[in-house]
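Inside the fold
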Number of protein chains: 2
Amino acid sequence: MMHCAEYVKPDGRRLWLYGRRPPGPIGPVPSPFASPVSVDTHLRRHPLLREWVIYASHRQDRTFLPPAENDPLAPTTDPANPTELPSGDYEVAVFENRFPSLVPQPGAVPPVQGADTAPAVGACEVVVFAQEAAQSLGELPTDRISLVLQVWAERTRALARAGMAYVLPFENRGTEMGVTLLHPHGQIYAYGFLPQLQARTLAALREHHERTGADLVADLARAERDRQIRVVAARGGVVAFAPPFGRFPYETWIAPTRSVPDLAGLTAEERTDMAFALSQVLRRLDGLWGRPMPYLMTVNQAPTDGAPHPEWTVRIEIWPIRRAPEKLKFLAGTELGAGVFANDVTPEQAAADLRGVSL
Amino acid sequence: MMHCAEYVKPDGRRLWLYGRRPPGPIGPVPSPFASPVSVDTHLRRHPLLREWVIYASHRQDRTFLPPAENDPLAPTTDPANPTELPSGDYEVAVFENRFPSLVPQPGAVPPVQGADTAPAVGACEVVVFAQEAAQSLGELPTDRISLVLQVWAERTRALARAGMAYVLPFENRGTEMGVTLLHPHGQIYAYGFLPQLQARTLAALREHHERTGADLVADLARAERDRQIRVVAARGGVVAFAPPFGRFPYETWIAPTRSVPDLAGLTAEERTDMAFALSQVLRRLDGLWGRPMPYLMTVNQAPTDGAPHPEWTVRIEIWPIRRAPEKLKFLAGTELGAGVFANDVTPEQAAADLRGVSL
């Protein structure tokens, strides 16, 4: 059971507080910013790559690595120094980003000579996993991680209802990954269009489904569970594995073994299994070299176009960007310039290493 | 006029020395490594993204940021401490990478359950722009940069003759971009297959050419030259401009204003103009905040499949990864997870800022 309450911040942004208990009283709903949100964002089309590029010049001024005592994602304790979140009895919080790249109702697109343009329709939300700044997602209890999965599912449903074509929950973890706020949090980007990567994925999964009648990801999860070569963790109907074609060192996927297009489609038991698997993977990544692993985690659900998606099963992908204790994995010439990733660690080795971590 | 001499290193790798004068005597051809090159590399197919991933586990041990006094890209001065290059009278050097991701004759592919595999056919070469470690590419005299363009053209031709499907010269510049050797240098990756990004680009350029009869990039270069809004530098038949749909802050392209599919097709005058424009752009990027700009530079020529490419004009793309004096541009959730880049700096502003730099 999940309870949710919606609020509006003084600067007009929306805030949602979630918990497994009915909501109790909370302190005044704060914002570190007094003025209304002002955005200057639009899309331009890249004609060689046929993908949209977001221009959001107001984001240059976004909050950048504030000191720990000014944690904007902690509950407000001093009303004279408002953070993004109120005090009170809640577990997970979501609010609209003060510096969004995409917004539900963008203004007029400025005239641009030489590029096709479009309004930057979408939404950018911040997901705070816990009130405590010290707790990373992987260290949270399984039932709290399960709540985070429910929150992602609920926001996905709400943003789909608002007309978004795709909803992407993700976590950039670690300053090496570019985080600008140290309090553990994720983000949700919702797009008014189908993003390039998801369009390519959809085409591949559809082609596979039409050719074989099969759901590639659920089939892969079952095959990996049965092969036992690249499994990192498994419980019930969910398996975590190093995909046999992973692009990042120690890349790990988590997926159910039956066809389920999105988080909302998981049973309560599957959600608990997925939370367990996610915790296992994140803790094993941190344990690998005894230090927090910087990563990008994405939740890859089916497009929210209202159509059935028998070709698509939800998966969480975790892409670590450290390839050795003292070495980061940089995306450079071949990865960015050719779209050909070079991976120093085979998935078989990665899974064996992660299984070998003592928790 | 360019002179070239080919050598073989003690460990079997090939070395080419280039200069505008006929080659003089050189010292013994060195290698920091005594044993023959040993590689363990293969390709696996990513079925959701339909792109090849290179597995090269031997690369974990590659040379990593050696101290300046052990510069492996400087000419050898002490035969007891061999570098990659001999002493002698040459200007630009190219040699086969000791830690290649792709090789002309890869060994057998190991059996992999769960992924389609292929031999990792290709080539990885290192291009040393100058004997002096202190000189960046942009600071070299224009006639030396023109020689580098000729070297790239010559290696492209040679690798095409060797059966490569695509040849990509590039430079990762700066430790922020992941360089592991500080002596200014570029790399050439040649692929036995058409890389994902180039396949997408080819499809888009072909579609445009079939629909309009036009060459998108040469048309764009002419239009940008005439519009004067986003021009960074221009001379003769070459223009440097911030593309109206750039994905990186201060992204700059350099292209000829007539249809030329590759560097080898440029006239000597166009090559000089391109060298001038490249020097201008790189020096303006360094001047923007008074510090070396980390970037990825790629040279985007037509596929080397032997077919004519009237749809494709060569362009150099420079992607800076610094968005403000103290802030890097990180690729994270939306860029990597959705293929949707968010750019804080409009091309119009970027070009104006770069034009305003005093050289």
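First things first, this report covers the structure right here in the doc. (Residues numbered from 1 in each chain as written. Chains lettered and ligands numbered in written order. Predicted model: local features only at pLDDT ≥ 70, side-chain atom pairs only at ≥ 80, totals over all residues. Heavy atoms only, no water.)

1. What to know about the overall build of chain A
Scanning chain A from N- to C-terminus turns up six helices and 17 strands. On C-alpha atoms alone, chain A measures out to a radius of gyration of 20 Å, which is about the 21 Å that the 2.2 N^0.38 rule sets for 359 residues. Of all 359 residues assigned to chain A, the portion counted as buried reaches 62%. In chain A, of all internal contacts separated by at least 6 residues, the share reaching a separation of at least 24 is 66%. For chain A, the computed accessible surface area is about 12,900 Å², with 52% contributed by carbon and sulfur atoms. With 36 positive and 40 negative side-chain charges, chain A shows a spacing of 3 Å between the two charge centroids. (Helix = DSSP H or I, 4+ residues; strand = E, 2+ residues; numbered from the N terminus. Rg over C-alpha atoms; globule rule 2.2 N^0.38 Å. Buried < 20%, exposed > 50% of the residue type's maximum accessible area, 1.4 Å probe, protein only. Contact = heavy atoms within 4.5 Å. Areas by Shrake-Rupley, 256 points an atom, 1.4 Å probe, with all protein chains shown as cover. Lys, Arg positive; Asp, Glu negative; His and termini not counted. Charge placed at Lys NZ, Arg CZ, Asp CG, Glu CD.)

2. Brief notes about the state of the cysteines
All told, the structure shown has zero disulfides over all chains when counted by the stated rule. Free of any disulfide, Cys-4 of chain A has its nearest cysteine sulfur in Cys-124 of chain A, 19 Å distant. (Disulfide = S-S within 2.5 Å.)

3. Some thoughts on the sheet that holds strand 17 (residues 341–343) of chain B
Spatially, four strands are ordered 6(A)-3(A)-4(A)-17(B) in an open sheet, and the strand pairing comes out mixed. In the strand order of this sheet, the two ends are held by strand 6 (117–119) of chain A together with strand 17 of chain B, each with one partner. Neighbour-to-neighbour, the strand axes of the sheet open up by a mean angle of 30 degrees, direction not taken into account. The sheet contact formed by strand 3 (residues 41–46) of chain A and strand 6 of chain A spans three bridges and is antiparallel. Directly across from His-42 of chain A, in strand 6 of chain A, lies its bridge partner Pro-119 of chain A. (Pairing = 2+ DSSP bridges. Axes fitted to C-alpha atoms, helices over the stretch in contact; angles between N-to-C directions.)

4. Re the environment of Asn-300 of chain B
All names here are of chain B. As for its position among the elements, Asn-300 is in strand 13 (residues 295–300). It is 7.9 Å that separates the C-alpha atoms of Asn-300 and Pro-169, two residues lying 131 residues apart in sequence. Those residues in contact with Asn-300 that sit more than four places away from it in its chain are Tyr-166, Leu-168, Gln-198, Trp-312, Thr-313, Val-314, Arg-315 and Glu-317. Side-chain polar atoms of Asn-300 contact the side chain of Thr-298, separated by 3.0 Å. (Polar contact = N/O pair within 3.5 Å; in protein donor to acceptor, adjacent residues only side chain to side chain.)

5. Side note on the environment of Val-121 of chain B
Residue placement: Val-121 of chain B occurs in the loop between strand 6 (117–119) and strand 7 (122–128). Once residues lying within four places of it in the same chain are set aside, the contact partners of Val-121 of chain B are Leu-102, Val-103, Pro-104, Pro-106, Met-164, Ala-190, Tyr-191 and Gly-192 of chain B.

6. Some remarks on the side chain of Glu-251 of chain B
Residues and elements named next belong to chain B. Along the chain, the position of Glu-251 falls in the loop between strand 11 (238–241) and strand 12 (252–256). Although buried, Glu-251 forms no salt bridge, and the nearest oppositely charged side chain, Arg-247, lies 4.9 Å from it. A polar contact is formed between the side chain of Glu-251 and the backbone nitrogen of Arg-247, at a distance of 2.6 Å. A distance of 3.0 Å separates a polar atom in the side chain of Glu-251 from the backbone nitrogen of Phe-248. (Salt bridge = Lys/Arg side-chain N within 4 Å of Asp/Glu carboxyl O.)

7. What to know about the interface of chain A and chain B
Many descriptions give the size of an interface as the accessible area lost when the pieces come together. Contacts between the two partners involve 79 residues from chain A, matched on the other side by 79 residues from chain B. Counting across the chain A and chain B interface gives six salt bridges. Counting across the interface, chain A meets chain B through 32 residue pairs in polar contact (both at pLDDT 80 or more). The element contributing the most residues to the side of chain A that touches chain B is helix 2 (residues 196–212) of chain A, with nine residues. Pairing between strand 4 (residues 51–56) of chain A and strand 17 of chain B: three bridges, direction parallel. Residue Ile-54 of chain A lies in a different strand from strand 17 of chain B, and its bridge partner there is Ala-342 of chain B.

8. Quick notes on the pairing of strand 2 (residues 14–19) of chain B
Residue and element names in this part refer to chain B. Of all six residues in strand 2, five are buried, a share of seventy percent or more. Two strands pair when backbone bridges link them, and strand 1 (residues 3–8) and strand 2 are joined in this way by six bridges, in the antiparallel orientation. From the neighbouring strand, Ala-5 faces strand 2, where its bridge partner is Leu-17. The antiparallel pairing of strand 1 with strand 2 creates a hairpin that spans five residues between the two strands, and Gly-12 there sits at a positive phi of about 95 degrees.

9. Points about the relation of the copies chain A and chain B
Under the fitted operation, chain A is carried onto chain B by 0.0 Å of movement along the axis and a turn of 180 degrees, and the coordinates agree to an RMSD of 0.0 Å. The transformation just described matches what one would write down for a two-fold rotation axis. Proximity to the rotation axis, assessed at the C-alpha, singles out Leu-331 of chain A in chain A; its C-alpha lies 4.5 Å from the axis. Both copies share a contact surface, since 100% of the interface residues of chain A are interface residues in chain B too. (Least-squares fit on C-alpha atoms with pLDDT ≥ 70 in both.)

10. Side note on the sheet that holds strand 8 (residues 166–173) of chain A
Residue and element names in this part refer to chain A. The strand order across the open sheet built from eleven strands is 1-2-5-7-9-8-13-14-12-11-10, with neighbouring strands paired in antiparallel fashion. Every interior strand has two partners, whereas the edge strands, strand 1 (3–8) and strand 10 (231–235), have only one. Here the strands of the sheet are splayed against their neighbours by 15 degrees on average, with no regard to which way each runs. Bridge analysis of strand 2 (residues 14–19) against strand 5 (residues 92–96) gives four bridges, and the strand direction is antiparallel. Note on strand 5: the bridge partner recorded for Leu-15 is Phe-95.

11. Here we look at the packing of helix 1 (residues 142–161) of chain A against helix 4 (residues 268–288) of chain A
All names here are of chain A. At a minimum axis separation of 8 Å, helix 1 and helix 4 run at an interaxial angle of 115 degrees. By the angle between their directions, the pair helix 1 and helix 4 is classed as roughly perpendicular. In the packing of helix 1 onto helix 4, the handedness of the crossing is right-handed. Contacts from Thr-142, Ile-145, Ser-146, Leu-149 and Gln-150 of helix 1 reach helix 4 at Arg-271, Thr-272, Met-274, Ala-275, Phe-276, Leu-278 and Ser-279. When its residues are assigned to classes, the contact of helix 1 with helix 4 shows six nonpolar, five polar and one charged. (Parallel < 35°, antiparallel > 145°, perpendicular 65-115°, else oblique. Left-handed = near helix turned anticlockwise from the far one by under 90°. Nonpolar A, V, L, I, M, F, W, Y, C, P; charged D, E, K, R; others polar.)

Don't take any of this as a statement about function, it's just geometry.
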